[in-house]
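Descriptive structure summary
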Amino acid sequence: NLKEKTQWEHPKSGKRKRVAGGLPYGWEQETDENGQVYFVDHINKRTTYLDPRLAFTVEDNPVKPTTRQKYDGNSTAMEILQGRDLSGKVVIITGANSGIGFETAKSLALHGAHVILACRNTSRGSDAVQRILAEWHKAKVEAMTLDLASLQSVQHFAEAFKSKNLPLHILICNAAVFGAPWCLTEDELESTFQVNHLGHFYLVQLLEDVLRRSSPARVVVVSSESHRFTEIKDSSGKLDFNLLSPSKKDYWAMLAYNRSKLCNILFSNELNRRLSPHGVTSNSVHPGNMIYSSIHRNWWVYTLLFTLARPFTKSMVDDEFYIIENWLPLTLLIVSHA
């Protein structure tokens, strides 16, 4: 009996504590041949009859939480998701084979969600799946091919997903290119604009009916604070379509990226206005300043700058996450309705 092994009442304050929430990451509950419950730690390869949640007991009469933010820039995804059970939730994450997308996919999968990694490179997507399964063999995770630079590929992905007859509770539009040289996609559009914005825009439209049927559901669009440093209107204040998909002579990689991120936010805001009455919310997020990832790989100058800044950036090696635009961590957005 756990109560016999645990001091539940403080001798001076009289406060009582109890076990609550799910098992910590990496732990599973099993039953031996005598019918006694024991716990297995798959990370450290150990077995115990003592409930590991005893280390995270909560008060029976907890005090009212303060207004101070519970999480900050040092919080990890695993900390935020501690005790959450996302079993039954279906998640699609674009660009999930590396960087922030991979850390997001891994964290959600390790907490029970069925996660689909939507990746352009099939081989890298499969490798990412194996890396997650290596941490927890029971994770529900799979890779599907999605090339945002091809509207036909986006359509094929949506059709393939719908053929699975799954719900869709969370769609995270994460994939992006940064510092890419000018080129046109097969759809005759500038690649940064199409990959970062238009491909995701089309994907959401194709999956809107599934999201509405799965409500409460959520769309999370990964944008950037750099959206503040550009404009998509002409001198008369009207939308200038030439700025969205510029010609080669008018192209500057940084501006193209900033404009695509501004489009992300405008799209997310309007999507939330239209779909929130139907149980589908949408939020755009800023992934945090100075996060080292592979997004800079397209040009050696950016790679050099990111490398020099790396000692001052936040690491994703330990699942350290990022902050939503001036409000909450992205993980909180994802799980707040789960």
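Residues numbered from 1 in each chain as written. Predicted model: local features only at pLDDT ≥ 70, side-chain atom pairs only at ≥ 80, totals over all residues. Heavy atoms only, no water.

Turning our eyes to something else, we now look at the packing of aromatic side chains. Following the criterion strictly, the structure yields three aromatic pairs and no others. When the ring of F178 is compared with that of Y257, the centres are 4.8 Å apart and the planes differ by 85°; the resulting orientation is edge-to-face. Of this pair, F178 sits in the loop between strand 9 (170-173) and helix 6 (191-213) while Y257 is found in helix 8 (residues 253-275), placing the two residues 79 residues apart along the sequence. By relative accessible area, which is 8% here, F178 ends up buried. The ring of F102 has R131 sitting right over it, with the charged end atom 3.9 Å from the ring centre. (Phe/Tyr/Trp six-rings, centres within 6.5 Å; stacked < 30°, edge-to-face > 60°. Helix = DSSP H or I, 4+ residues; strand = E, 2+ residues; numbered from the N terminus. Buried < 20%, exposed > 50% of the residue type's maximum accessible area, 1.4 Å probe, protein only. Lys NZ or Arg CZ within 6 Å of the ring centre and 35° of its normal.)

What follows is about the pairing of strand 9. Across the two faces of strand 9 the burial is the same, with I170 and I172 and L171 and C173 all buried. Examined bridge by bridge, strand 6 (residues 90-94) and strand 9 share three bridges and lie parallel to one another. Looking at strand 9, one finds that I93 is bridged to I172. Pairing geometry for strand 9 and strand 10 (residues 217-222), over four bridges, is parallel. (Pairing = 2+ DSSP bridges.)

Below, the discussion takes up helix 5 (residues 151-162). In a regular helix each residue adds 1.5 Å, so 12 residues correspond to 16 Å; helix 5 covers 17 Å between its end C-alpha atoms and thus fits that length. All of the buried residues along helix 5 are S153, V154, F157, A158 and F161. Buried positions in helix 5, seen along its axis, are confined to an arc of 140° and lie on one side of it. Residues of helix 5 that are buried sit in contact with strand 6, strand 7 (114-119), strand 8 (140-145) and helix 6. (Expected span 1.5 Å × (residues − 1). Arc of directions from axis to C-beta. Contact = heavy atoms within 4.5 Å.)

One pass over the structure, following the stated rule, counts 12 salt bridges. Residues K164 and E142 are paired through a salt bridge, measuring 3.0 Å at the closest nitrogen-oxygen approach. One end of the pair, K164, is in the loop between helix 5 and strand 9; the other, E142, is in strand 8, and 22 residues separate them in sequence. Classification of K164 as partly exposed rests on a relative accessible area of 34%. Judged by relative accessible area, which is 21%, E142 ranks as partly exposed. (Salt bridge = Lys/Arg side-chain N within 4 Å of Asp/Glu carboxyl O.)

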